[in-house]
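Commentary on secondary and tertiary structure
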Amino acid sequence: MPEPTIYDISVPGRKGVTFPEPDVPQTALPEGFIREKLPLPEVSELEVVRHFTHISQNNYAIDLGFYPLGSCTMKYNPKINEAVSRLSGFGATHPLQPIESVQGNLYLMYAVQEMLKEIAGFAGVTLMPAAGAHGELTGTLIISKYHRDRGDHQRTRMLIPDSAHGTNPASSAMLGFDIVPLPSDENGNVDIEALKALCDDKLAGLMLTNPNTLGLFDENVVEVIKLVHESGGLVYGDGANMNALLGVFRPGDIGIDILHFNIHKTFSTPHGGGGPGSGPVAVAEHLVEYLPDPVVGIIEEGDSETAPLYGFIHPTKTIGRVKTFYGHFGILVRAFTYISMLGKEGLRDVAEKAVLNANYLQEKLKGTYTLPYDRHCMHEFVLEGFWKDVPGVHALDIAKRLMDYNFHPPTNYFPLIVHEALMIEPTETKALETHDRFADAMLKIAEEGHTNPELLHEAPHNTPVRRCDELKAAKDLVFCCYPGDDWTG
Ligand SMILES: *Cc1c(COP(=O)(O)O)cnc(C)c1O
């Protein structure tokens, strides 16, 4: 029998809260502001609590189990980050307060800028962008203004390797760049010959996801940067995969001009429900004056007696503002906490374990699943989610069957250059035993796929919601707000 919904248990007149008798005269609400048809359930407080607790249990979360969603870096988010971000000095300040009254907050933002500069090897950072893709938009705005300021109006071409994240071409296209895809070579690196053919005075830049979406570090990266720079273009680094590089490699050191971070991924803040995120952008020396306005800086040096005064500085060739106020401050507090707790050695340890874990799983699964680019991976790897001898089974079936084993599925059908892709990113925060359990489930599913493919086709079997009919969902979309409501008119 299905669980009764909160509407089924509604009893006319039942209340969750009883208000005291008002001691002021009651007034009618203004005409036209009350919806005629709003059948709210009438239930007790306990029933409301149970309703929402049940709903929360239908969700899967990193706090419940393994979440190897490739490209998304679903690592554990330490609870201390949450506690610190809720301190009233951080959580209850207003962005328009006079700077003298928020020196601690400004110091924190300044410190995060300095940390990110140090981690990735850059000269300047903006904290304003709201997420990774927004960072890309900010970075490509900088590329565009840089060329225009030099009178290079013909530079309209943006090169995007086919192993890039999908947001890269989307961000460039929003600015009107001509997007030219670059093929990968047989090792999963940028194809150098194809790049050479496109390096001329039309080149605005190249956006490089490195490690790329195959989970591979581009072995040609130095040559790629050299070729782009020689023809006057800029190199944008998609740094969403910094989790693989922390403390080991700094993109700024090899000449990347601009890079965004995905704070919510690499520096551990809860994400996946659509935000809030944070996508700071770092730039090399020659682009510091193009950063969005303002940037946090020291506006009055301190001495042995007084602390410096933090405030806002205004880059001279700025692309302008990209966000109201100064970015998602609460996320920056979490990042500050996380980075401070780990320190330099701890960050390096994060990257080393993230890479080790991914390689461990890759070794256990390759053979049973085809590994199209058979190299050491970085923090994630991509398998083919099908077998030639059971043509009816797809990556989607494998992903759905994993849910029956209580694992979140990997990313599937991305990147597009791998047929039936399953993209697996374990992150550094899981125990060896968890990896073994996951690998066992994947191997078991491969066996089931061969002996009982129906089991996979019909999966998931144990979840609160079974597999939806995606075709019907797309073609026969029904919006509803509450039972009985007719939205079709
Ligand atoms: C997640 C991701 C992005 C986009 O970041 P959002 O914060 O989701 O906008 C861009 N590039 C790569 C490689 C990513 O993994």
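Residues numbered from 1 in each chain as written. Predicted model: local features only at pLDDT ≥ 70, side-chain atom pairs only at ≥ 80, totals over all residues. Heavy atoms only, no water.

Here we come to the domain arrangement of the protein. When the parts of a complex come together, some accessible area is lost, and that lost area is often taken as the interface size. If you check the domain split of the protein, you get domain 1 (79-340) and domain 2 (344-474). Between domain 1 and domain 2, the contact holds 30 residues from the first and 21 residues from the second. Of the roughly 2,000 Å² buried between domain 1 and domain 2, counting both surfaces, carbon and sulfur atoms make up 63%. Looking at the side of domain 1 facing domain 2, the largest losses of area belong to Thr213, Leu214 and Asn243, adding up to 28% of the total buried there. Along the contact surface separating domain 1 from domain 2 lie one salt bridge. Here Glu219 and Arg375 are joined by a salt bridge, their closest N and O atoms 3.5 Å apart. Looking at the side of domain 1 that touches domain 2 residue by residue, the classes come out as 13 nonpolar, 13 polar and four charged. (Domains from an automatic or database assignment. Contact = heavy atoms within 4.5 Å. Buried area = accessible area lost by both parts, 1.4 Å probe. Salt bridge = Lys/Arg side-chain N within 4 Å of Asp/Glu carboxyl O. Nonpolar A, V, L, I, M, F, W, Y, C, P; charged D, E, K, R; others polar.)

Around the ligand, the structure places 13 residues, and the nearest of them are Ser71, Gly132, Asp238, His264 and Lys265. Between the ligand and Gly132 there is a distance of 2.8 Å, counted from an oxygen atom to a backbone nitrogen or oxygen. Asn262 places a polar side-chain atom, nitrogen or oxygen, 2.9 Å from an oxygen atom of the ligand. Its free accessible area being 380 Å², the ligand has 86% of it covered by the protein chains. Among the secondary structure elements, those contributing two or more residues to the shell around the ligand are α5 (132-149) and α9 (263-266). Per-element tally for the shell around the ligand: the top contributor is α5, with three residues. Of the residues belonging to the shell around the ligand, the class tally is three nonpolar, seven polar and three charged. (Near = heavy atom within 4 Å. Polar contact = N/O pair within 3.5 Å; in protein donor to acceptor, adjacent residues only side chain to side chain. Areas by Shrake-Rupley, 256 points an atom, 1.4 Å probe, with all protein chains shown as cover. Helix = DSSP H or I, 4+ residues; strand = E, 2+ residues; numbered from the N terminus.)

The strands that make up a sheet pair up through hydrogen bonds in the backbone, lying either parallel or antiparallel. Taken together, seven strands build an open sheet; the order of strands is β1-β7-β6-β5-β4-β2-β3 and the sheet is mixed. The sheet is open, and its two borders are formed by β1 (124-126) and β3 (178-182), each paired with just one other strand. In this sheet, neighbouring strand axes are inclined to one another by 20° on average, regardless of whether the strands run parallel or antiparallel. The pairing of strand β6 (residues 258-261) with strand β7 (residues 281-283) spans three bridges and is classified as antiparallel. Directly across from Ile258, in β7, lies its bridge partner Val283. In the packing of helix α4 (residues 103-120) onto the sheet, the strands contacted are β1 and β6, and the crossing angle to β1 comes to about 125°. (Pairing = 2+ DSSP bridges. Axes fitted to C-alpha atoms, helices over the stretch in contact; angles between N-to-C directions.)

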